[in-house]
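Residues per chain, in single letters:
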Amino acid sequence: MRTEQVRFPKEYGTPSELLAWEDVRQMLVEAKQFWFAFERTGRSPHVTPLDGIWFEDKLVYGGSPETLHRRLAAEHPKVTVNLPDPWKLVVVEGEVRETSFTSAAAEEIAGLLNAKYPEYGEDVFKPNTKAPAVHPRRIRAWTSFPKDATAFVFD
């Protein structure tokens, strides 16, 4: 991964510092919901809030394979995801892939999800060695626009 300044039109200003990846990563770990935008052929994008966790530099989420968002991700895997706070911006651009995890990782993911979302009841998230995950291509973030507008590029 490489870090770079986000480029804006001149009148918006130029970033003068970069955010630390660990700080942005922590915002992704702590986020309760994520807003996903999925491509929908011939129509406006499908935007929906989803639960998930940031795990091994991927955004792991779920939902029935029958949901619109899962069907759209299968058709058009490129996705944009952002955190709800517009003042502490984090936007993830990437691709949804059905991702395989070891049994140990699946247990850890289920434990993290159950702890993060206790309102759904005990052990609602069952260990599954395969789950949809957003593999980031680029993450843009800032906490003080445009001063610390930073891009993290995943090669």
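Computed from a prediction, not measured in an experiment: that's the story for all the values here.

> Even after reading the chapter, I still don't get the pattern of salt bridges, so can you show me in this structure?
Oppositely charged side chains may form a pair once their charged atoms are brought near each other. Tallied over the full model, the rule gives nine salt bridges. Measuring nitrogen to oxygen at the nearest pair gives 3.7 Å for the salt bridge that ties Glu93 to Arg137. Of this pair, Glu93 sits in strand S7 (residues 89–100) while Arg137 is found in strand S8 (residues 130–142), placing the two residues 44 residues apart along the sequence. Looking at Glu93, the relative accessible area reads 18%, which means it is buried. Through salt bridges with shared partners, a single network forms among Arg2, Glu4, Arg138 and Asp155.

> Teacher, can you tell me more about the layout of surface pockets here?
Rolled over the atoms, a probe with the dimensions of a water molecule shows which regions are left empty. For the largest pocket, the calculated volume is near 410 Å³. In terms of lining, the largest pocket is formed by 23 residues, of which the most central are Tyr61, Gly62, Gly63, Leu113 and Phe125. Those elements that provide at least two residues to the lining of the largest pocket are strand S5 (58–61), helix H3 (103–116) and S8. Among the elements that line the lining of the largest pocket, the one with the most residues is H3, at four residues. Among the residues forming the lining of the largest pocket, the class breakdown is 14 nonpolar, four polar and five charged.

> Explanation requested: helix H1 (residues 21–30) in the structure shown.
An α-helical turn contains 3.6 residues, so any two residues separated by three or four positions project in the same direction. Inspection of H1 places Trp21, Val24, Met27 and Leu28 among the buried residues, and these make up the whole buried set. Projection of H1 onto a plane perpendicular to its axis shows the buried side chains occupying an angular sector of 125°, all on one side. In this structure, the buried residues of H1 make contact with strand S2 (34–38), strand S4 (52–55), S7, H3, S8 and strand S9 (150–153).

> What should I look at first to understand the pairing of S4 in this one?
One face of the sheet, then the other: side chains in a regular strand alternate in exactly this way. With burial as the criterion, each face of S4 is covered, one bearing Gly52 and Trp54 and the other bearing Ile53 and Phe55. In the sheet, S4 pairs with S5 via four bridges, with the strands oriented antiparallel. Considered in S5, the bridge of Phe55 is made with Lys58. Between the antiparallel neighbours S4 and S5 lie two residues, among them Glu56 with a positive phi of about 50°.

> What's the story with the environment of Val96 in this structure? I'm lost.
One can find Val96 in strand S7. Note on Val96: relative accessible area 10%, which makes it buried. Apart from the residues within four sequence positions on either side, Val96 is in contact with Phe38, Tyr61, Ala73, Pro77, Val79, Pro132, Ala133 and Val134.

> For this particular structure, what's the right way to read the side chain of His135?
Relative to the assigned elements, His135 resides in strand S8. For His135, a relative accessible area of 16% corresponds to the buried category. A polar contact of 3.2 Å, which involves the side chain of His135, links it to the side chain of Arg97. The residues contacting His135, other than those within four sequence positions of it, are Lys58, Gly94, Glu95, Arg97 and Thr99.

Cut-offs and rules
- Residues numbered from 1 in each chain as written.
- Predicted model: local features only at pLDDT ≥ 70, side-chain atom pairs only at ≥ 80, totals over all residues.
- Heavy atoms only, no water.
- Salt bridge = Lys/Arg side-chain N within 4 Å of Asp/Glu carboxyl O.
- Helix = DSSP H or I, 4+ residues; strand = E, 2+ residues; numbered from the N terminus.
- Buried < 20%, exposed > 50% of the residue type's maximum accessible area, 1.4 Å probe, protein only.
- 1 Å grid on protein atoms, 1.4 Å probe; cavity = no way out; pocket = protein on both sides within 12 Å on 5 of 7 lines; lining within 4 Å.
- Points joined across faces, edges and corners; volume = space filled by probe spheres on them.
- Nonpolar A, V, L, I, M, F, W, Y, C, P; charged D, E, K, R; others polar.
- Arc of directions from axis to C-beta.
- Contact = heavy atoms within 4.5 Å.
- Pairing = 2+ DSSP bridges.
- Polar contact = N/O pair within 3.5 Å; in protein donor to acceptor, adjacent residues only side chain to side chain.

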